[in-house]
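# Descriptive structure summary
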Amino acid sequence: MTISEGGSDVILLVEDNPDDHELTRRALEDNGIANEIVWARDGVEALDYLFCRGPWQDRDPTVQPQVVLLDLKLPRVDGIEVLRAIRADASTSLVPVIVLTSSLEENDLVRSYGNGANSYVRKPVDFTEFREAVRSLGLYWLLLNEAPPPRGRTG
Amino acid sequence: MAFLGLLIVVVGVFSWAAYQAAHGGALVAARARVEAVTAQVASILVGNVESFRSQRTAAADDPRVTGALATPSPSTLAALQPYLDSLAASPTELRTLVLHAADGTVVARAGRAADEATPPLPTAPEAVAAGQWASAFQRYGPTLGFAVTVRVPGASGTTVGFLVHHVELTATPDDAGGIADLIGEGASLVLGTPGGIWIDLVDEVPSPPEGLALQGPAASYENAEGHTVLGAGAPVAGTPWIVRVEFPEDGLLAAPRALLARLFPLGLLVLAGGAAAGWGLSHRITRRLDRLSGAAAAIADGDYQRRVPEEGDDELTDLARAFNSMAQQVEGAHERLESEVAKRTAELRGANRELEAFSYSVSHDLRAPLRAIHGFSRAVMEDHGAALPEAGRADLARVCAAAERMGALIDDLLALSRTTRAELRHEPLDLTAMATDIVADLRHGAPDRDVDVRIADGLVAQGDHALMRLVLRNLLENAWKFTARQDGAVIEFARSAEPEGFVVRDNGAGFDADYAHKLFKPFQRLHSADEFEGSGVGLALSLRILERHGGRLWAEGSEGQGAAFHFTLPGGAP
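Residues numbered from 1 in each chain as written. Chains lettered and ligands numbered in written order. Predicted model: local features only at pLDDT ≥ 70, side-chain atom pairs only at ≥ 80, totals over all residues. Heavy atoms only, no water.

This next bit is on the overall build of chain A. For chain A, the count of helices and strands is five helices and five strands. In chain A, the succession of α and β elements from N to C terminus is β-α-β-α-β-α-β-α-β-α. Every one of the 155 residues in chain A was classed for burial, and the buried ones make up 50%. Taking contacts inside chain A between residues at least 6 apart in sequence as the whole, the part at least 24 apart equals 67%. Here chain A has roughly 7,100 Å² of accessible surface; of this, 51% comes from carbon and sulfur atoms. (Helix = DSSP H or I, 4+ residues; strand = E, 2+ residues; numbered from the N terminus. Buried < 20%, exposed > 50% of the residue type's maximum accessible area, 1.4 Å probe, protein only. Contact = heavy atoms within 4.5 Å. Areas by Shrake-Rupley, 256 points an atom, 1.4 Å probe, with all protein chains shown as cover.)

Structure, rendered in structure tokens:
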């Protein structure tokens, strides 16, 4: 099933670790979430996608992801910087961002929320737990939560 | 103040002693003077009459006298009389001239008062023989006088008769005053015989006070007029008279009294000056010492730049110098210490930061592969499990379990390192709420378990919220875990009898008390992993956290009889 309310049904997964990407993808799949998953391997790729740059320059800028799953520790441009960039630009500032990371450092929590993250979820080692967490996330953010209206439309 | 009084007394005593000495000295001098004057006067008086006496002594040796005495007859007497008359004609003081026989009978008389009753021998023959030629003072009617007795010598030195001249005193007040002045200011002179008449050369005067030693050294006494006088007496040779010279003591002692009058205030002044100087000096010393001790206290309090002024040039200056150089050392040492401490603190902070970064990245980087291990093992299980034999599935299950354990271990290690690094916050903690929360989580994680959890109300303390939460979670999780096989499991969290103490009790599996000391060591476990899971770090972590709070953690228990974990947390309200 694809869960979306108009607009896009893309889940932007910003994750440098291929294993984690695969596990997340599996978790989403196991929970029957069939939204398109765009995988950005680091901050640069994430921003390229969001702002229709580089390999994504032909993308429709009015179409934004329904939710961004953002890891913090990324090469090149790290998660917090991506978060800041997202919140700084009017075209992306309302997109829901879930920080999905293995860190539980208070510093990261503060910085994430401080820079406008909507949610902060810690990746458990136990895959069963992880799958369960993804299910909850999916249910909430993709189904229950009202997505912000896509930009480019008035009203 | 008492000291001052004492000094005044000392000055007073000293002045009095000085006065007494001066007085004594003055008295001694006065006495000597009086005695000398008296002796002088005595010899002057004798000298005055001496010429007359020697003259008359020669006159007494006249044949007419001796003849009349040897053979008293009208013819010898007739021959004697004109001679006697001529002798009696002068001096004018001579009243009566009487010739006595050796036995005292009157032989002949001459002189202007010859008609008057003839007094008997005024001076006893023995006395005359002994050299006394004057008599005591006598009254001749209204006038005063005395008798000069001259011996009439016979053959071979015997005395055949006495020629007595009764003379009147004719000294005038001026003469007497003149003599007195010669003697000395205010002095008075009296002359007389004990028990007899006393004169001041002019008139009769009252006898000297009774009991007074008439002769001898000068003495102080009250005279007849009631004045205190210093008087001395001396015998006048050849007479029964004693001459006494008196000086009023006031005059004599004017000098020492003036001395005392000057000495006492002067002494007090000198004393006051001395005391002031002494006090000033000691005060100066005290002040400098006070400054020194004040500076020492200030330095002890932390004012390392405090110094004392090095004034003057004495031992205290040396002391001040030594003190200042020591203070300099202290300041230097303190500065060095501070910079060392700052350096070490910076190093420590740096090390801490590095450690933090290291732990963080290590845990993060370690967890990711663990996740992959666990996740993909499960994936294999789910996707291909059916195709695997039982053993294969079991192996994969072990892989998963191992990964989970490692994850827990990493979490615990991270937490353990964090507790020693992090700064401790001090905030009020609601332990009741915290425990209730944790238990709710535990129940949620194991909804099938029925555990009676009793959490006391109003459990509060002071400490770091996050860290104490770890402690409570550890203790409650342990209790939860070790009662898993207990029917009617009871977990209790309440105050203990210890001041600022709390206790988490359970009636679960307990532990072997012999190994209780190992409980709190990291990675030491008293149960095998088969019985109860756990990394063995939790209690070590809790202990470290509590110790950082200044509290304690210890356990009581026995195998199969449950356990009680006691801890104290300073700042726990009574």
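There is more to say after this.
This part covers the pairing of strand β3 (residues 67-70) of chain A. All names here are of chain A. The alternating pattern of β3 places V67 and L69 on one face and V68 and L70 on the opposite face, and all of these are buried. Pairing of strand β1 (residues 10-14) with β3, which is carried by four bridges, proceeds in the parallel orientation. Looking at the pairing, V14 lines up with L70 of β3. In terms of strand pairing, β3 meets strand β4 (residues 97-101) through three bridges, oriented parallel. Along β4, the bridge assignment pairs L70 with V99. Note that the unit made of β3, helix α3 (residues 79-88) and β4 has a crossover that is right-handed. (Pairing = 2+ DSSP bridges. Right-handed = clockwise from strand over helix to strand, strands pointing away.)

Residues and elements named next belong to chain B. On the basis of which strands lie adjacent, the open sheet formed by five strands has the order β13-β15-β16-β18-β17 and mixed pairing. In this open sheet, the two strands that pair with only one neighbour each are β13 (452-455) and β17 (552-557). Across the sheet, the mean angle separating the axes of adjacent strands is 10° when strand polarity is ignored. As judged from the six bridges shared by strand β16 (residues 501-506) and strand β18 (residues 563-568), these two strands associate in the antiparallel manner. Residue pairing in the sheet places R505 in a bridge with A564 of β18. The sheet strands contacting helix α11 (residues 538-548) are β17 and β18, and the helix crosses β17 at an angle near 140°. (Axes fitted to C-alpha atoms, helices over the stretch in contact; angles between N-to-C directions.)

Bringing the interface of chain A and chain B into the picture now. Of the residues lining the interface, 23 residues belong to chain A; the matching set on chain B comes to 23 residues. Carbon and sulfur atoms supply 50% of the area that chain A and chain B bury against each other, a total of about 2,000 Å² over both sides. It is K73, E105 and V125 of chain A in chain A that bury the most area against chain B; as a group they hold 31% of the surface buried on that side. On the surface where chain A and chain B come into contact, there are four salt bridges. Between D20 of chain A and R371 of chain B there is a salt bridge whose closest N-O contact spans 2.8 Å. Every element with two or more residues in the side of chain A that touches chain B is listed here: α1 (18-30), α4 (106-114) and α5 (127-144) of chain A. Looking at which element gives the most residues to the side of chain A that touches chain B, the answer is α1 of chain A, with six residues. Looking at the side of chain A that touches chain B residue by residue, the class counts come to four nonpolar, five polar and 14 charged. (Buried area = accessible area lost by both parts, 1.4 Å probe. Salt bridge = Lys/Arg side-chain N within 4 Å of Asp/Glu carboxyl O. Nonpolar A, V, L, I, M, F, W, Y, C, P; charged D, E, K, R; others polar.)

Glancing now at helix α2 (residues 43-50) of chain A. Given 3.6 residues per turn, any residue in an α-helix points the same way as the ones three and four places further on. Residue and element names in this part refer to chain A. Of all the eight residues making up α2, six are buried; the element is thus mostly covered by neighbouring parts of the structure. Burial in α2 covers these residues: G43, A46, L47, D48, Y49 and L50. Looking at the buried residues of α2, the elements they touch are β1, β2 (36-40) and α3. Among the residues of α2, the N-terminal cap falls to D42, whose side-chain oxygen and the backbone nitrogen of V44 are separated by 3.0 Å. Of the residues trailing α2, C52 is marked for its positive phi of about 50°. (Polar contact = N/O pair within 3.5 Å; in protein donor to acceptor, adjacent residues only side chain to side chain.)

Quick look at α5 of chain A now. Taking 1.5 Å per residue as the helical rise, α5 of chain A with its 18 residues ought to reach 26 Å, and the 24 Å between its terminal C-alpha atoms agrees with that figure. Among the residues of α5 of chain A, those classed as buried are F127, F130, R131, V134, L137, G138, W141 and L142 of chain A. On an axial view of α5 of chain A, the arc spanned by its buried residues comes to 125°, and they lie on one face. Turning to α5 of chain A, the residues buried within the fold contact β1, α1, β3, β4 and β5 (119-122) of chain A together with α7 (315-384) of chain B. You can read the cap of α5 of chain A off the contacts: a side-chain oxygen lies 2.7 Å from the backbone nitrogen of T128 of chain A, and it is on D126 of chain A. (Expected span 1.5 Å × (residues − 1). Arc of directions from axis to C-beta.)

Our next topic: the side chain of D108 of chain A. Mapped onto the secondary structure, D108 of chain A falls in helix α4. Taking the relative accessible area as the measure of exposure, D108 of chain A reaches 5% and is therefore buried. If sequence neighbours within four positions are ignored, D108 of chain A has contacts with L72, S103 and Y120 of chain A together with Y360 of chain B.

Okay, the packing of aromatic side chains next. All names here are of chain B. Applying the stated criterion across every chain yields a total of 11 aromatic pairs over all chains. Taking 5.9 Å as the distance between ring centres and 85° as the angle between the ring planes, the aromatic pair formed by F137 and F146 counts as edge-to-face. Under the relative-accessibility criterion, F137 is labelled buried at 5%. Of the residues examined, F146 reaches a relative accessible area of 9% and is grouped as buried. (Phe/Tyr/Trp six-rings, centres within 6.5 Å; stacked < 30°, edge-to-face > 60°.)

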